[in-house]
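Structural description and commentary
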Amino acid sequence: MAAVVAPDMSEAAAAAARLALSSAGLVFWSFQLVPQVLKNARRRSAEGLSLALVLTWAAWAIPFGAGVARNHLAVPFLIQPNLFAFFANVCAVQLLYYRSQSPPAEGTPADDDATTDDADPEAGADDKPAAVLADGDSADHEWAVAKVGDNEEQQESHPQQPVAAPAAIAAAGNDDEARSRRQRRRPMTVAEAVIILVGLCLIIGGGEVGLYYLMLWLDSSSSESVRRISPVIASAAALLIVGGLVPQFVEIWRTRSCKGIAPVFLWMDIAGGFFSTVGLLFQPPPFDAVTAASYVSVIVLDGTILALG
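We now turn to the structure provided with this report. (Residues numbered from 1 in each chain as written. Predicted model: local features only at pLDDT ≥ 70, side-chain atom pairs only at ≥ 80, totals over all residues. Heavy atoms only, no water.)

**Some thoughts on a nonpolar patch on the surface**
Cut-off, in case you're wondering: Patches in this entry comprise residues that are over 30% relatively accessible and not in a salt bridge; like charges within 9 Å are linked, as are nonpolar side chains (Val, Leu, Ile, Met, Phe, Trp, Tyr) within 5 Å. Areas reported as accessible are Shrake-Rupley estimates using a 1.4 Å probe. Residue values count occlusion only from the protein chains shown. A pairing counts as a salt bridge when a side-chain nitrogen of Lys or Arg comes within 4 Å of a carboxyl oxygen of Asp or Glu. Only DSSP runs of H or I reaching four residues or more are called helices, and only runs of E reaching two or more are called strands; each is numbered from the N terminus. Residue burial is assigned from relative accessible area. The probe radius is 1.4 Å, only protein chains are included, and a residue is buried under 20% of its type maximum, exposed over 50%, and partly exposed in between.
Taken together, the side chains of Val190, Val194, Val198 and Leu202 define a hydrophobic patch exposed on the protein surface, amounting to about 370 Å² of accessible area. Relative to the assigned elements, Val198 resides in helix α10 (residues 190–219). Exposure remark for Val198: the relative accessible area of 43% places this residue in the partly exposed category.

**Overview of the packing of aromatic side chains**
Worth spelling out the cut-off: Ring geometry is summarised as follows: Phe, Tyr and Trp rings, the Trp one being its six-membered ring, pair when their centres sit within 6.5 Å, and such pairs are stacked at plane angles under 30 degrees, edge-to-face over 60 and tilted between the two. Two thresholds decide whether a charge sits over a ring: the Lys NZ or Arg CZ must be within 6 Å of the ring centre and within 35 degrees of the ring normal.
Inspection of every chain in the model, using the stated rule, returns 11 aromatic pairs. Ring centres of Trp29 and Tyr295 lie 5.0 Å apart, and the angle between their planes is 65°; this geometry places the pair in the edge-to-face category. Taken together, the positions of Trp29 in helix α1 (residues 11–31) and Tyr295 in helix α15 (residues 289–308) put the pair 266 residues apart, joining distant regions of the chain. For the pair formed by Trp29 and Tyr295, the shared burial category is buried. Members of the aromatic cluster, each reached through a chain of ring pairs, are Trp57, Trp60, Phe64, Phe84 and Phe265. Its guanidinium or amino end placed over the ring of Trp253, Arg256 lies 4.8 Å from that ring's centre, counting from NZ or CZ.

**Digging into the packing of helix α14 (residues 263–280) against α15**
What counts is decided by this rule: Throughout, an axis means a line fitted to C-alpha atoms (over the contacting stretch in the case of helices), and angles, computed between N-to-C directions, take values from 0 to 180 degrees. Each angle is binned into one of four classes, with values under 35 degrees roughly parallel, values over 145 roughly antiparallel, values of 65 to 115 roughly perpendicular, and all other values oblique. Handedness of a helix crossing follows the sense of rotation of the near helix relative to the far helix, less than a right angle counterclockwise being left-handed and clockwise being right-handed. Whether two residues are in contact is decided by their heavy atoms: any pair within 4.5 Å suffices. We call Asp, Glu, Lys and Arg charged. Ala, Val, Leu, Ile, Met, Phe, Trp, Tyr, Cys and Pro are nonpolar, and the rest, Gly among them, are polar.
As a packed pair, α14 and α15 sit with axes 9 Å apart at the nearest point and diverge in direction by 155°. Comparing their axes, α15 and α14 come out roughly antiparallel. Our pair here, α14 against α15, has a crossing hand that is left-handed. Residue-level contacts link Pro263, Leu266, Trp267, Asp269, Ile270, Gly273, Phe274, Ser276, Thr277 and Leu280 of α14 to Thr291, Ala292, Tyr295, Val296, Val298, Ile299, Asp302, Gly303, Ile305 and Leu306 of α15. Residues of the contact of α14 with α15, tallied by class, amount to 13 nonpolar, 5 polar and 2 charged.

**Comments concerning the pattern of salt bridges**
This model, assessed by the stated rule, comprises 4 salt bridges. Here Asp219 makes a salt bridge to Arg70, at a shortest N to O gap of 2.7 Å. Taken together, the residues Asp219 in helix α10 and Arg70 in helix α3 (residues 51–70) connect sequence positions 149 residues apart. Put simply, Arg186 and Glu192 hold a salt bridge, and the shortest N to O gap is 2.9 Å. Under the relative-accessibility criterion, Arg186 is labelled exposed at 56%. You can call Glu192 partly exposed: its relative accessible area is 29%.

**With respect to the packing of helix α2 (residues 34–43) against helix α4 (residues 75–101)**
Look at α2 against α4: their axes get within 9 Å of each other, and the N-to-C directions meet at 15°. Between α2 and α4, the angle falls in the class roughly parallel. Both α2 and α4 take part in a crossing whose hand is left-handed. Contact residues: Val34, Gln36, Val37, Asn40 and Ala41 in α2; Phe87, Val90, Cys91, Gln94 and Tyr98 in α4.

**Notes on the nonpolar core**
Convention followed: Each nonpolar core is a collection of buried residues, namely Ala, Val, Leu, Ile, Met, Phe, Trp, Tyr and Cys, held together in the definition by side-chain atoms within 4.5 Å.
With 43 residues, the main nonpolar core has Leu33, Val54, Trp57, Ile241, Phe265 and Ile305 as its most contacted residues. Secondary-structure elements contributing two or more residues to this core are α3, α4, α10, α12 (229–243), α13 (245–255), α14 and α15. If one sorts the elements of this core by residue count, α4 sits on top with 11 residues. Here Ile305 is in contact with Leu245, Gln248, Phe249, Ile252, Cys258, Ile261 and Leu266, once residues within four sequence places are set aside.

**Topic: the layout of surface pockets**
What counts, and what does not: In the cavity and pocket records, a cavity denotes points on a 1 Å grid over the protein atoms alone where a 1.4 Å probe fits but cannot get out, a pocket denotes an open set with protein on both sides within 12 Å along at least 5 of 7 lines, and lining residues are residues with an atom within 4 Å of a point. Grid points are joined across faces, edges and corners, and a volume is the space filled by probe spheres set on the points.
In this model, the largest pocket occupies a volume close to 1100 Å³. Forming the walls of the largest pocket are 40 residues, and the residues nearest its centre are Phe64, Leu73, Asp288, Thr291 and Tyr295. At the level of elements, α1, α3, α4, α12, α14 and α15 are the ones that each hand at least two residues to the lining of the largest pocket. Here the residues of the lining of the largest pocket sort into 24 nonpolar, 12 polar and 4 charged. The wall of the second largest pocket is formed by Val90, Val93, Gln94, Tyr97, Tyr98, Val190, Ala193, Val194 and Leu197. Where the lining of the second largest pocket is concerned, the elements lending two or more residues are α4 and α10. For the lining of the second largest pocket, the leading source of residues is α4, giving 5 residues. Taken together, the residues of the lining of the second largest pocket sort by class into 8 nonpolar, 1 polar and no charged.

Function cannot be read off these values alone, since they describe shape.
Here it is, written out as structure tokens:
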């Protein structure tokens, strides 16, 4: 019986409470990203959501899933990280897909050319040199002299702009070339997005299987120090789930906004952390302080994002 359980509580009651709380946490943490997926699809944009966050959370399933298989936990504990990783990968693909669909930046070389071509065609005719105009009759000569005087007055009131330095001209050319490349960027197709999603899921699944067999090999080692590596690998999941939120805070600082994040997603994440933390209190001793700390950290960080929003 766990030390935190009341003395008069039977082991069966503690097991029932542990199962109920853990199951609730699994449900919330399996589908917490679904509201974010729906929000991205409704806005046709995933801006404001950190790509590093969702990819790190998808990678979390590798050590967690391998650890669950190594410890022979119940099947729901194995399903949960894979569902979570799937929806995290969906968010990542949404980010890539919608970014590729965004229109190019305003101000293109073609627009600049059009502006030049649309200039007044008669402007150059009025600015003919006086020497050319003076070759005509006296009336034309007087008109030419008057025109030259007008041009001098305009130059005094509107001095000629200095000629751009060669370095500035080269920089402008590079900007035009970069802008042209962005224009030529082909948007990602739905088929390509699906292929990327399948590839990411295969990487996560293959990583889980590979790490599982690596942990079994480490456990079978005759060296005590080698056998201690497996628990360390399993605890890396706690670091990934908490560390993944750091890039999201960077994204919030960069955009000065939390509008890209679905509040329901954060509330479900908090609920999953709460039920999972309480469920640890009913686990047999020793108390898993590292896992509990990771759960509480998720609750605190999610609550901070909600407060910032």
